[in-house]
Amino acid sequence: MDLWRIEAVSCVSAMIVPGPTTSPSLTVICECHFFWVSSESTLTPREIYFPEEKVKEFKKKGIPLTDAYQSDEEGNRSTLTFHENEFVILKPDQSVKKTLLGRVSGDKIVPLVYKKSKPYGISPRNVGQYFMQEALMTDAETAPLVIIKGMAGTAKTFYSLAVGLEKVYNNPSQEYRRVIVCRPNAQFDDDIGFLPGDEKEKIAPLMRPVIDNLEQIIDSDEKKRYEDEDELSDKITEIFERGIIQTEALNFIRGRSIVKTYLIIDEAQNMTPNQVKGIITRAGHGTKIILLGDPQQIDRPFLDERTNGLSYAAKYMMNSPLCWQITLSAEECERSALAMDAIKRL
(Lines give C-alpha, C1' and ligand atoms only; values in the text may rest on other atoms or scores of the structure.)
Protein backbone atom coordinates (compact mmCIF):
# COMPACT_ATOMS: atom_id res chain seq x y z
CA MET A 1 0.00 0.00 0.00
CA ASP A 2 1.21 3.49 -0.81
CA LEU A 3 1.50 5.13 2.60
CA TRP A 4 2.62 8.54 1.41
CA ARG A 5 0.76 10.95 -0.84
CA ILE A 6 2.55 12.68 -3.70
CA GLU A 7 2.10 16.39 -3.35
CA ALA A 8 3.92 19.63 -4.09
CA VAL A 9 3.19 22.68 -1.96
CA SER A 10 4.57 26.20 -2.18
CA CYS A 11 4.74 28.18 1.02
CA VAL A 12 5.58 31.86 1.38
CA SER A 13 6.41 33.38 4.75
CA ALA A 14 5.87 37.12 5.08
CA MET A 15 5.65 39.83 7.69
CA ILE A 16 4.56 43.46 7.91
CA VAL A 17 7.40 45.92 8.51
CA PRO A 18 7.39 49.72 8.66
CA GLY A 19 8.00 51.26 5.26
CA PRO A 20 9.51 54.60 4.31
CA THR A 21 6.00 56.05 4.18
CA THR A 22 3.09 55.92 6.57
CA SER A 23 1.79 52.79 4.83
CA PRO A 24 3.30 49.50 6.04
CA SER A 25 5.11 47.38 3.46
CA LEU A 26 5.00 43.64 2.94
CA THR A 27 8.38 41.90 3.04
CA VAL A 28 8.74 38.30 1.81
CA ILE A 29 11.08 36.41 4.11
CA CYS A 30 11.39 33.11 2.29
CA GLU A 31 9.80 30.81 -0.22
CA CYS A 32 9.90 27.06 0.32
CA HIS A 33 8.85 24.13 -1.83
CA PHE A 34 7.96 20.89 -0.11
CA PHE A 35 7.71 17.55 -1.88
CA TRP A 36 6.18 14.39 -0.47
CA VAL A 37 7.11 11.20 -2.24
CA SER A 38 5.73 7.71 -2.10
CA SER A 39 7.18 4.84 -0.12
CA GLU A 40 7.24 2.97 -3.46
CA SER A 41 10.46 4.84 -4.29
CA THR A 42 12.40 2.18 -2.34
CA LEU A 43 13.49 -0.80 -4.45
CA THR A 44 14.59 -3.58 -2.12
CA PRO A 45 15.61 -6.74 -4.03
CA ARG A 46 12.88 -9.41 -3.88
CA GLU A 47 13.21 -13.17 -3.77
CA ILE A 48 11.16 -14.76 -6.53
CA TYR A 49 10.74 -18.25 -7.94
CA PHE A 50 10.87 -19.59 -11.48
CA PRO A 51 10.67 -23.07 -13.07
CA GLU A 52 13.70 -25.32 -12.52
CA GLU A 53 13.81 -26.23 -16.22
CA LYS A 54 14.35 -22.57 -17.10
CA VAL A 55 17.73 -22.27 -15.34
CA LYS A 56 19.83 -22.85 -18.47
CA GLU A 57 17.64 -20.49 -20.49
CA PHE A 58 18.07 -17.78 -17.84
CA LYS A 59 21.86 -18.09 -17.85
CA LYS A 60 21.99 -17.80 -21.65
CA LYS A 61 19.49 -15.07 -22.49
CA GLY A 62 17.14 -14.51 -19.57
CA ILE A 63 13.55 -15.56 -18.93
CA PRO A 64 10.19 -13.84 -19.57
CA LEU A 65 8.69 -11.92 -16.66
CA THR A 66 5.68 -14.24 -16.85
CA ASP A 67 7.85 -17.16 -15.66
CA ALA A 68 8.57 -15.46 -12.32
CA TYR A 69 6.22 -15.72 -9.37
CA GLN A 70 5.92 -15.67 -5.59
CA SER A 71 3.95 -18.10 -3.43
CA ASP A 72 2.47 -18.08 0.05
CA GLU A 73 2.85 -20.72 2.77
CA GLU A 74 0.06 -22.78 1.23
CA GLY A 75 1.76 -22.82 -2.17
CA ASN A 76 -0.61 -20.42 -3.90
CA ARG A 77 1.14 -18.48 -6.64
CA SER A 78 0.76 -14.74 -7.07
CA THR A 79 1.54 -12.60 -10.10
CA LEU A 80 4.15 -9.90 -9.82
CA THR A 81 4.55 -6.35 -11.03
CA PHE A 82 8.09 -5.33 -11.88
CA HIS A 83 9.92 -2.03 -12.30
CA GLU A 84 12.34 -1.44 -15.15
CA ASN A 85 15.94 -2.24 -14.10
CA GLU A 86 14.76 -3.75 -10.81
CA PHE A 87 17.25 -6.24 -9.34
CA VAL A 88 15.85 -9.59 -8.18
CA ILE A 89 17.02 -12.73 -6.40
CA LEU A 90 15.90 -15.81 -8.33
CA LYS A 91 15.35 -19.28 -6.89
CA PRO A 92 14.51 -22.35 -8.99
CA ASP A 93 11.31 -23.78 -7.55
CA GLN A 94 12.67 -27.34 -7.23
CA SER A 95 15.99 -26.42 -5.57
CA VAL A 96 15.40 -23.32 -3.46
CA LYS A 97 18.93 -23.42 -1.98
CA LYS A 98 20.31 -22.43 -5.39
CA THR A 99 20.32 -18.65 -5.92
CA LEU A 100 20.69 -16.67 -9.13
CA LEU A 101 20.84 -12.89 -9.53
CA GLY A 102 19.06 -10.96 -12.26
CA ARG A 103 17.75 -7.63 -13.48
CA VAL A 104 14.48 -6.66 -15.14
CA SER A 105 15.07 -5.48 -18.70
CA GLY A 106 11.95 -4.84 -20.75
CA ASP A 107 9.79 -7.97 -20.67
CA LYS A 108 12.58 -10.25 -19.41
CA ILE A 109 14.76 -10.94 -16.38
CA VAL A 110 18.37 -11.12 -17.55
CA PRO A 111 21.50 -12.38 -15.76
CA LEU A 112 24.15 -10.01 -14.42
CA VAL A 113 26.89 -9.10 -16.90
CA TYR A 114 29.59 -7.99 -14.44
CA LYS A 115 29.12 -10.62 -11.74
CA LYS A 116 32.72 -11.86 -12.04
CA SER A 117 34.31 -8.42 -12.32
CA LYS A 118 36.73 -7.11 -9.68
CA PRO A 119 36.90 -3.32 -10.07
CA TYR A 120 40.28 -2.14 -8.82
CA GLY A 121 40.75 -5.56 -7.24
CA ILE A 122 37.57 -5.33 -5.13
CA SER A 123 35.22 -8.33 -4.96
CA PRO A 124 31.55 -8.19 -3.92
CA ARG A 125 30.88 -9.56 -0.43
CA ASN A 126 27.09 -9.78 -0.51
CA VAL A 127 24.10 -9.72 -2.85
CA GLY A 128 23.67 -5.96 -2.58
CA GLN A 129 27.27 -5.38 -3.68
CA TYR A 130 26.80 -7.64 -6.70
CA PHE A 131 23.83 -5.51 -7.74
CA MET A 132 25.72 -2.30 -6.98
CA GLN A 133 28.68 -3.48 -9.05
CA GLU A 134 26.40 -4.29 -11.99
CA ALA A 135 24.84 -0.82 -11.97
CA LEU A 136 28.16 1.02 -11.54
CA MET A 137 30.12 -1.00 -14.12
CA THR A 138 27.45 -0.67 -16.83
CA ASP A 139 28.34 2.04 -19.34
CA ALA A 140 26.92 5.57 -19.16
CA GLU A 141 24.89 5.17 -22.33
CA THR A 142 22.92 2.28 -20.81
CA ALA A 143 22.84 3.39 -17.15
CA PRO A 144 23.58 7.14 -16.94
CA LEU A 145 21.86 7.50 -13.54
CA VAL A 146 22.41 5.17 -10.59
CA ILE A 147 20.68 5.71 -7.25
CA ILE A 148 21.99 3.72 -4.29
CA LYS A 149 20.33 3.92 -0.88
CA GLY A 150 21.66 2.25 2.21
CA MET A 151 22.57 2.75 5.83
CA ALA A 152 26.07 3.71 6.96
CA GLY A 153 28.65 0.99 6.36
CA THR A 154 27.04 -0.65 3.34
CA ALA A 155 30.03 0.35 1.14
CA LYS A 156 28.13 2.78 -1.12
CA THR A 157 30.97 5.32 -1.35
CA PHE A 158 33.70 2.68 -1.19
CA TYR A 159 32.36 0.67 -4.14
CA SER A 160 31.51 3.74 -6.21
CA LEU A 161 35.08 5.02 -5.86
CA ALA A 162 36.54 1.59 -6.67
CA VAL A 163 34.58 1.38 -9.91
CA GLY A 164 35.49 4.99 -10.74
CA LEU A 165 39.21 4.23 -10.33
CA GLU A 166 38.81 1.09 -12.43
CA LYS A 167 37.10 2.98 -15.22
CA VAL A 168 39.41 6.02 -15.29
CA TYR A 169 42.76 4.70 -14.00
CA ASN A 170 42.85 1.05 -15.11
CA ASN A 171 40.49 0.97 -18.09
CA PRO A 172 42.28 1.84 -21.38
CA SER A 173 38.99 2.52 -23.22
CA GLN A 174 38.87 6.10 -21.86
CA GLU A 175 35.18 5.73 -21.10
CA TYR A 176 35.36 8.65 -18.65
CA ARG A 177 37.77 11.58 -18.46
CA ARG A 178 37.71 11.87 -14.67
CA VAL A 179 35.92 11.10 -11.43
CA ILE A 180 34.25 14.03 -9.66
CA VAL A 181 33.12 13.62 -6.06
CA CYS A 182 30.71 16.06 -4.46
CA ARG A 183 29.27 16.01 -0.93
CA PRO A 184 26.48 18.48 -0.09
CA ASN A 185 26.98 20.54 3.04
CA ALA A 186 23.90 20.93 5.20
CA GLN A 187 24.83 24.42 6.36
CA PHE A 188 26.26 26.46 3.50
CA ASP A 189 25.90 24.89 0.04
CA ASP A 190 24.48 28.10 -1.38
CA ASP A 191 26.93 30.41 0.39
CA ILE A 192 30.34 28.82 0.50
CA GLY A 193 32.17 31.97 -0.49
CA PHE A 194 32.63 33.36 3.02
CA LEU A 195 34.92 30.47 4.02
CA PRO A 196 38.68 31.15 3.87
CA GLY A 197 40.87 29.69 1.13
CA ASP A 198 40.29 28.53 -2.44
CA GLU A 199 37.61 26.06 -3.50
CA LYS A 200 39.63 22.96 -2.54
CA GLU A 201 40.47 24.38 0.89
CA LYS A 202 36.85 25.33 1.52
CA ILE A 203 35.52 21.82 0.86
CA ALA A 204 38.49 19.82 2.23
CA PRO A 205 36.76 18.94 5.55
CA LEU A 206 33.76 17.56 3.65
CA MET A 207 35.96 15.27 1.59
CA ARG A 208 37.77 13.52 4.45
CA PRO A 209 35.44 10.47 4.19
CA VAL A 210 36.49 10.15 0.53
CA ILE A 211 40.16 10.00 1.59
CA ASP A 212 39.32 7.35 4.19
CA ASN A 213 37.74 5.16 1.51
CA LEU A 214 40.62 5.68 -0.92
CA GLU A 215 43.08 4.49 1.73
CA GLN A 216 41.25 1.16 1.88
CA ILE A 217 40.88 0.83 -1.89
CA ILE A 218 44.47 1.67 -2.84
CA ASP A 219 46.01 -0.62 -0.24
CA SER A 220 43.72 -3.61 0.19
CA ASP A 221 46.06 -5.39 2.63
CA GLU A 222 44.34 -4.64 5.94
CA LYS A 223 47.29 -5.85 8.03
CA LYS A 224 49.99 -3.78 6.30
CA ARG A 225 47.90 -0.83 5.08
CA TYR A 226 49.11 1.70 7.65
CA GLU A 227 52.71 0.48 8.08
CA ASP A 228 53.97 3.31 5.85
CA GLU A 229 51.59 6.25 6.23
CA ASP A 230 53.73 8.53 4.04
CA GLU A 231 53.71 6.13 1.09
CA LEU A 232 49.94 5.69 1.34
CA SER A 233 49.45 9.46 1.50
CA ASP A 234 51.69 9.96 -1.55
CA LYS A 235 49.63 7.48 -3.59
CA ILE A 236 46.41 9.32 -2.79
CA THR A 237 47.98 12.71 -3.46
CA GLU A 238 49.12 11.49 -6.89
CA ILE A 239 45.54 10.51 -7.79
CA PHE A 240 44.31 14.03 -7.04
CA GLU A 241 47.30 15.80 -8.63
CA ARG A 242 46.83 13.86 -11.87
CA GLY A 243 43.17 14.85 -11.93
CA ILE A 244 41.94 11.26 -11.87
CA ILE A 245 39.67 12.20 -8.96
CA GLN A 246 38.48 15.76 -8.41
CA THR A 247 36.38 17.18 -5.60
CA GLU A 248 33.98 20.07 -6.06
CA ALA A 249 31.39 21.98 -4.06
CA LEU A 250 27.78 21.36 -4.96
CA ASN A 251 27.01 24.92 -6.01
CA PHE A 252 30.00 24.88 -8.41
CA ILE A 253 28.60 21.78 -10.17
CA ARG A 254 25.18 23.30 -10.81
CA GLY A 255 24.96 25.31 -14.00
CA ARG A 256 27.68 23.36 -15.79
CA SER A 257 27.36 20.85 -18.61
CA ILE A 258 29.42 17.85 -17.49
CA VAL A 259 30.74 15.60 -20.28
CA LYS A 260 32.34 12.10 -20.05
CA THR A 261 32.53 12.26 -16.27
CA TYR A 262 31.93 9.69 -13.55
CA LEU A 263 30.11 11.95 -11.05
CA ILE A 264 29.54 10.75 -7.48
CA ILE A 265 27.16 12.74 -5.27
CA ASP A 266 27.70 11.40 -1.76
CA GLU A 267 25.22 12.08 1.07
CA ALA A 268 22.62 13.02 -1.56
CA GLN A 269 19.86 12.89 1.06
CA ASN A 270 21.04 16.36 2.15
CA MET A 271 20.13 17.82 -1.25
CA THR A 272 16.85 19.57 -1.96
CA PRO A 273 14.65 18.41 -4.86
CA ASN A 274 15.65 21.50 -6.85
CA GLN A 275 19.34 20.79 -6.28
CA VAL A 276 19.14 17.19 -7.42
CA LYS A 277 17.14 18.23 -10.48
CA GLY A 278 19.80 20.84 -11.27
CA ILE A 279 22.51 18.16 -11.17
CA ILE A 280 20.73 15.46 -13.20
CA THR A 281 19.59 17.84 -15.93
CA ARG A 282 23.19 19.02 -16.44
CA ALA A 283 24.49 15.58 -17.44
CA GLY A 284 26.31 15.80 -20.76
CA HIS A 285 27.16 13.06 -23.24
CA GLY A 286 28.98 10.10 -21.69
CA THR A 287 28.45 11.20 -18.08
CA LYS A 288 27.33 8.81 -15.36
CA ILE A 289 25.73 10.25 -12.20
CA ILE A 290 25.72 8.22 -8.98
CA LEU A 291 23.51 9.43 -6.13
CA LEU A 292 24.41 7.87 -2.78
CA GLY A 293 22.75 8.32 0.59
CA ASP A 294 20.54 7.24 3.44
CA PRO A 295 17.11 8.96 3.49
CA GLN A 296 16.85 8.25 7.21
CA GLN A 297 20.01 10.23 8.02
CA ILE A 298 19.07 13.83 7.22
CA ASP A 299 21.29 16.66 8.49
CA ARG A 300 19.73 19.54 6.61
CA PRO A 301 16.97 21.67 8.20
CA PHE A 302 13.47 21.46 6.64
CA LEU A 303 14.23 18.14 4.90
CA ASP A 304 13.11 14.72 6.07
CA GLU A 305 12.96 11.11 4.89
CA ARG A 306 10.35 11.98 2.26
CA THR A 307 11.15 15.52 1.15
CA ASN A 308 14.90 15.20 0.44
CA GLY A 309 16.39 15.23 -3.05
CA LEU A 310 17.50 11.60 -3.00
CA SER A 311 13.98 10.30 -2.32
CA TYR A 312 12.56 12.79 -4.82
CA ALA A 313 14.87 11.56 -7.59
CA ALA A 314 14.23 7.90 -6.72
CA LYS A 315 10.47 8.40 -6.98
CA TYR A 316 10.26 10.35 -10.19
CA MET A 317 13.04 8.47 -12.03
CA MET A 318 11.60 5.05 -11.18
CA ASN A 319 10.80 2.97 -14.27
CA SER A 320 13.03 5.15 -16.42
CA PRO A 321 15.14 2.85 -18.62
CA LEU A 322 18.08 5.19 -17.92
CA CYS A 323 17.91 4.93 -14.12
CA TRP A 324 19.12 1.93 -12.10
CA GLN A 325 18.26 1.81 -8.40
CA ILE A 326 19.45 -0.34 -5.49
CA THR A 327 18.44 -0.30 -1.83
CA LEU A 328 20.95 -2.03 0.46
CA SER A 329 19.80 -3.71 3.68
CA ALA A 330 21.23 -3.27 7.18
CA GLU A 331 22.50 -6.87 7.05
CA GLU A 332 24.86 -5.82 4.24
CA CYS A 333 26.87 -3.52 6.50
CA GLU A 334 30.60 -4.18 6.05
CA ARG A 335 31.95 -2.21 9.01
CA SER A 336 32.70 -3.50 12.50
CA ALA A 337 30.40 -5.67 14.61
CA LEU A 338 29.67 -2.59 16.72
CA ALA A 339 28.62 -0.56 13.65
CA MET A 340 26.38 -3.41 12.49
CA ASP A 341 24.73 -3.69 15.91
CA ALA A 342 24.26 0.06 16.19
CA ILE A 343 22.61 0.28 12.77
CA LYS A 344 19.99 -2.23 13.87
CA ARG A 345 19.43 -0.76 17.35
CA LEU A 346 19.68 2.98 16.74
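You'll find the structure just up there.
On a predicted model such as this, the values are computed, not experimentally measured, just so you know. (Residues numbered from 1 in each chain as written. Predicted model: local features only at pLDDT ≥ 70, side-chain atom pairs only at ≥ 80, totals over all residues. Heavy atoms only, no water.)

A word on the overall build of the protein chain
Condition: In this text, helices come from DSSP runs of H or I with a minimum length of four residues, and strands from runs of E with a minimum of two, each type numbered from the N-terminal end. Between buried and exposed lies partly exposed: a residue is buried under 20% and exposed over 50% of the maximum accessible area for its type, with that area taken using a 1.4 Å probe on protein chains only. The contact definition used throughout considers only heavy atoms, calling two residues in contact when any of these lie within 4.5 Å. What sets the accessible areas is the Shrake-Rupley method with a 1.4 Å probe; for residues, cover comes only from the shown protein chains.
Within the protein chain, the secondary structure is distributed over 10 helices and 15 strands. Residues counted as buried form 47% of the 346 residues belonging to the protein chain. Once local pairs closer than 6 in sequence are excluded, the contacts in the protein chain between residues at least 24 apart make up 69%. Accessible surface computed for the protein chain: about 18,200 Å², of which carbon and sulfur atoms make up 50%.

Describing the sheet that holds strand β14 (residues 288-293)
Which entries qualify depends on this criterion: In this analysis, strands are considered paired if DSSP registers two or more bridges between them. As a rule, the C-alpha atoms of each element are fitted with a line to give its axis, helices using only the stretch in contact, and angles between N-to-C directions run from 0 to 180 degrees.
On the basis of which strands lie adjacent, the open sheet formed by six strands has the order β12-β11-β13-β14-β10-β15 and parallel pairing. In this open sheet, the two edge strands, each paired with only one partner strand, are β12 (245-247) and β15 (323-327). Across the sheet, the axes of successive neighbouring strands diverge by a mean angle of 15°, strand direction being ignored.

Some thoughts on the packing of aromatic side chains
Operational definition: Pairing of aromatic rings covers Phe, Tyr and the six-membered ring of Trp, with a centre-to-centre limit of 6.5 Å; geometry is then stacked below 30 degrees between planes, edge-to-face above 60, and tilted otherwise. Geometrically, a lysine NZ or arginine CZ counts as sitting over a ring once it is within 6 Å of the ring centre and also within 35 degrees of the ring normal.
Within the structure shown, the criterion is met by seven aromatic pairs. Ring geometry for Y176 against Y262: centres 5.5 Å apart, planes inclined by 65°, an arrangement best described as edge-to-face. In this pair, Y176 is assigned in the loop between α3 (156-170) and β11 (178-182) and Y262 in strand β13 (residues 261-265), connecting sequence segments 86 residues apart. Here Y176 falls in the buried class, since its relative accessible area comes to 1%. Counting every residue linked through ring pairs, the aromatic cluster contains F87, F131 and W324. When the ring centre of Y69 is taken as reference, the NZ or CZ atom of R77 above it lies at 3.9 Å.

Points about the side chain of N85
Formally: Identification of polar contacts relies on pairs of N or O atoms within 3.5 Å, with a donor-acceptor requirement for protein atoms, meaning one able to donate a hydrogen and the other able to accept it, and with residues adjacent in sequence counted only if both atoms are side-chain atoms.
Of note, N85 is situated in the loop between β6 (77-78) and β7 (87-92). Of the polar contacts made by the side chain of N85, one reaches the backbone oxygen of C323; its length is 3.2 Å. Within the structure, N85 has its side chain in polar contact with the side chain of W324 (distance 3.4 Å). If sequence neighbours within four positions are ignored, N85 has contacts with R103, V104, S320, P321, L322, C323 and W324.

Here we look at the packing of helix α2 (residues 127-137) against α3
Note the cut-off: Between 65 and 115 degrees an angle is taken as roughly perpendicular, under 35 as roughly parallel, over 145 as roughly antiparallel, and anywhere else as oblique. It is the rotation of the near helix from the far one that decides the hand of a crossing: anticlockwise by less than a right angle makes it left-handed, clockwise makes it right-handed. Here the term charged refers only to Asp, Glu, Lys and Arg, the term nonpolar to Ala, Val, Leu, Ile, Met, Phe, Trp, Tyr, Cys and Pro, and the term polar to all other amino acids, Gly among them.
At a closest axis distance of 10 Å, the pairing of α2 and α3 adopts a crossing angle of 40°. Classified by the interaxial angle, the pair formed by α2 and α3 is oblique. Considering the relative orientation of α2 and α3, their crossing is right-handed. Where α2 abuts α3, its residues Q129, M132, Q133, L136 and M137 lie against K156, Y159, S160, V163 and K167. Looking at the contact of α2 with α3, its residues break down into five nonpolar, three polar and two charged.

So, the sheet that holds strand β8 (residues 100-105)
Read across the sheet, five strands follow the order β3-β7-β8-β9-β4 without closing on themselves; strand pairing throughout is mixed. Of all the strands in the sheet, the pair left with one neighbour each is β3 (46-50) and β4 (63-64). Relative to β8, β7 runs antiparallel, the two sharing four bridges. Across the sheet, the residue bridging to I89 is L101, located in β8.

Observations concerning α3
Our working rule: A helix is expected to reach a length of 1.5 Å times the quantity of its residues less one.
Between the first and last C-alpha of α3 there are 20 Å, a value that for 15 residues agrees with the 21 Å anticipated at 1.5 Å per step. Most of α3 is tucked away, with 12 of its 15 residues classed as buried. When α3 is considered as a whole, its buried residues turn out to be K156, T157, F158, Y159, S160, L161, A162, V163, G164, L165, K167 and V168.

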